[in-house]
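# Fold and geometry: a report
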Amino acid sequence: MMNGTTDLLSPRDTDGHGTHTASTAAGAAVPGAGFFSYAEGEARGMAPLARIAAYKICWSRGCFDSDILAAMDQAVSDGVDIISLSVGATGSAPDYDYDSIAIGAFGAIRSGVLVSCSAGNSGPEPKTAVNIAPWILTVGASTIDREFPADVILGDGTVLGGVSLYSGNPLGSDRLPLVYQAERYSSSLCLPGSLDPTIVAGKIVLCDRGFNARVEKGSSVKEAGGAGMILANTAESGEELVADAHLLPATMVGHTAAKKIRRYAGSVASPNATIAFRGTVTGRSLSAPQVAAFSSRGPHFISPEIIKPDVVAPGVNILAGWTGFAGPTGLDIDSRRVDFNIISGTSMACPHVSGLAALLRKAHPGWSPAAIKSALMTTAYAVDNSGSPIKDVAFGTESTPFVHGSGHVDPNKALNPGLVYDADVSDYLVYLCAVGYNPERIAVIAQGETVDCSRFGNPGNLNYPSFSVVFGPQLVIQYQRTVTNVGPSNSTYEASVSVPSHVKITVSPSRLSFAATDQKLTYSIKFELWAESPGELPWPSFGYIVWSDGMHS
């Protein structure tokens, strides 16, 4: 549904989102890239020699199911290998038979096309991940070891760290009056038209995060005559810092720093401050990756026996190509035009993995979409650049598989995973039966497929590269998995297990000996709860199983 005054009836990008995601997945190498003076260097996509086919599904009035399905069907018909879709439902994930992306993706994998999707930006609340059908590769967002620091310096000499992509004239060392209009909710949020010019003109304004776009708050301050802005995280957004290309000198600070600034502003007669912009900082001194607070997470909203997201990938402060049709903030008053922009979201994480999937498809043309997904999942890592467990930015604590899935993708290891967990359409049909879909509902998703729901079992028996065990009345749950040898023909793998608390895990057999490449072997894994009062245990609890032949894990 296009608006004839603002939309173009062509694949031309009027928003920037599509250019950014496409160039991340498969953009050619460009020396001298950067966003003004930030993140300068050579930019290139994950699969720079791949071809890109762009299909327009979104308009100024939204992204409609009919366009999504038409584009996915056309892409399959055109012979694409990977579909990268940085779009998703708002709110909770819909049932599969009401989810246009799940329906379109089922048709795609039936034709051997892998579908990679963003998990959504509704974190850190649980059960917020979307695009969670098990035949979709679902991607969350993580940080990288690059930041754009912009410090707040208060009148009492306190220095508080923040981030910004502001590129204009700096404020200088002279401090300016600091104002925070806490008495009015709309003014504290710096909503459009809420600020009194007689109060904020020539001053640095403290604005609370939330309700409207971050860059729009800066626009409100600028229109009221403010000289700068400090964007303050609330308890909900915690310590997550996302750099923005503000229209005036501005920085974002975390919740802890924000509380100190509010306390300072309310405790002295004439509070003042300035902002010092530090440019681009990279290196191992920055703990990375960490899972972004906004990244949507599990448990799975429809069937908790499946872990989603599947993996995480870079999605915070990502540099990629941009349209010449819109400014970097997307605001109407932003007249700047750039070739590259730095933005954040699971939309940015998804094309990283889509590009890696394209590389795997080229390296292993015989692999199914499920095999490619398995390779990316089972070789992912869950530690940061210091060797410590990946953190969740939202809480500053260790992340879990409900947040990071199997971990952060590792493209080199994924090329040679040793074993893969494969699946096809028939496996997904059995899964749909197991989650309670009748043949009529399944027909909406799997049009033309014959469905027999007489042999369904636990949804967790889907041949998925991860396990989620839901103890209810049953205190013993057993799953089966089949692995395919994609490594050397004569390989022997042995299992080791890291056991969650109060659970006994038995793998049978614990040794798998392959005599040929592409040979399949099956093992069972039994989970036994041995606590007398399960409700009193610290659930959820996590562990892992490793199959190793000494070369692959």
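If you look the protein chain up in an unreviewed UniProt entry, it shows as Subtilisin-like protease fibronectin type-III domain-containing protein from Nymphaea colorata. Database annotation for the protein chain, UniProt heading Sequence similarities (unreviewed entry): "Belongs to the peptidase S8 family."

Turning our eyes to something else, we now look at the packing of helix α8 (residues 346–363) against helix α9 (residues 369–378). For any two helices packed against each other, the geometry comes down to the angle between their axes and how far apart the axes lie. α9 packs onto α8 with a crossing angle of 115 degrees between their chain directions and a minimal axis gap of 10 Å. The element α8 and its partner α9 pack so that their crossing is right-handed. Where α8 approaches α9, its residues Val353, Leu356, Ala357, Leu360 and Arg361 are matched on the opposing element by Pro369, Ile372, Ala375 and Leu376. Tallied by class, the residues present in the contact of α8 with α9 amount to 8 nonpolar, no polar and 1 charged.

Counted under the stated rule, the structure contains 3 disulfides. Residue pairing for Cys190: its cysteine sulfur links by disulfide to Cys207, the two sulfurs lying 2.0 Å apart. On the sign convention where negative is left-handed, the bridge of Cys190 and Cys207, at about -85 degrees about the S-S bond, is left-handed. Of this pair, Cys190 sits in the loop between α4 (185–188) and α5 (197–200) while Cys207 sits in strand β13 (residues 204–208), and the two are 17 residues apart along the sequence. Cys433 shares a disulfide with Cys453; S-S distance 2.0 Å. Torsion about the S-S bond of the Cys433 and Cys453 cystine: about -75 degrees, corresponding to left-handed handedness.

What follows deals with the sheet that holds strand β9 (residues 150–154). Ordered in space as β10-β9-β16-β12-β13-β14-β15-β11, the 8 strands form an open sheet in which the pairing is mixed. Every interior strand has two partners, whereas the edge strands, β10 (159–160) and β11 (162–163), have only one. With 2 bridges connecting them, strand β12 (residues 176–179) and β13 associate as parallel partners. Counted as the bridge partner of Leu178 is Ile204 from β13. Contacts from helix α6 (residues 214–223) reach β13, β14 (228–232) and β15 (250–253), with the element oriented near 145 degrees to β14. Lying over the sheet, helix α7 (residues 255–265) contacts β9, β10, β12, β13, β14, β15 and β16 (272–277), oriented at roughly 115 degrees with respect to β15.

With respect to the secondary-structure elements, Thr128 resides in the loop between β6 (114–118) and β7 (137–142). Overall, Thr128 belongs to the buried group, its relative accessible area being 12%. Polar contacts involving the side chain of Thr128 include one to the main-chain carbonyl oxygen of Glu125, which spans 2.8 Å. In this view, Thr128 contacts Gly91, Ala119, Ser122, Gly123, Ser296 and Arg297; residues no more than four positions away in its chain are not counted.

On to helix α2 (residues 65–78), then. The end-to-end C-alpha separation of α2 is 20 Å, in line with the 20 Å expected for 14 residues at 1.5 Å each. Three or more residues of α2 are buried, namely Ile68, Ala71, Met72 and Ala75. Taken around the axis of α2, the buried residues stretch over an arc of 95 degrees, which confines them to a single face. Opposite the buried face of α2, at more than 90 degrees from it, the exposed residues are Ser66 and Ser77.

The rules behind each value
- Residues numbered from 1 in each chain as written.
- Predicted model: local features only at pLDDT ≥ 70, side-chain atom pairs only at ≥ 80, totals over all residues.
- Heavy atoms only, no water.
- UniProt positions renumbered as here; feature names shortened; annotations may be inferred.
- Axes fitted to C-alpha atoms, helices over the stretch in contact; angles between N-to-C directions.
- Helix = DSSP H or I, 4+ residues; strand = E, 2+ residues; numbered from the N terminus.
- Left-handed = near helix turned anticlockwise from the far one by under 90°.
- Contact = heavy atoms within 4.5 Å.
- Nonpolar A, V, L, I, M, F, W, Y, C, P; charged D, E, K, R; others polar.
- Disulfide = S-S within 2.5 Å.
- Pairing = 2+ DSSP bridges.
- Buried < 20%, exposed > 50% of the residue type's maximum accessible area, 1.4 Å probe, protein only.
- Polar contact = N/O pair within 3.5 Å; in protein donor to acceptor, adjacent residues only side chain to side chain.
- Expected span 1.5 Å × (residues − 1).
- Arc of directions from axis to C-beta.

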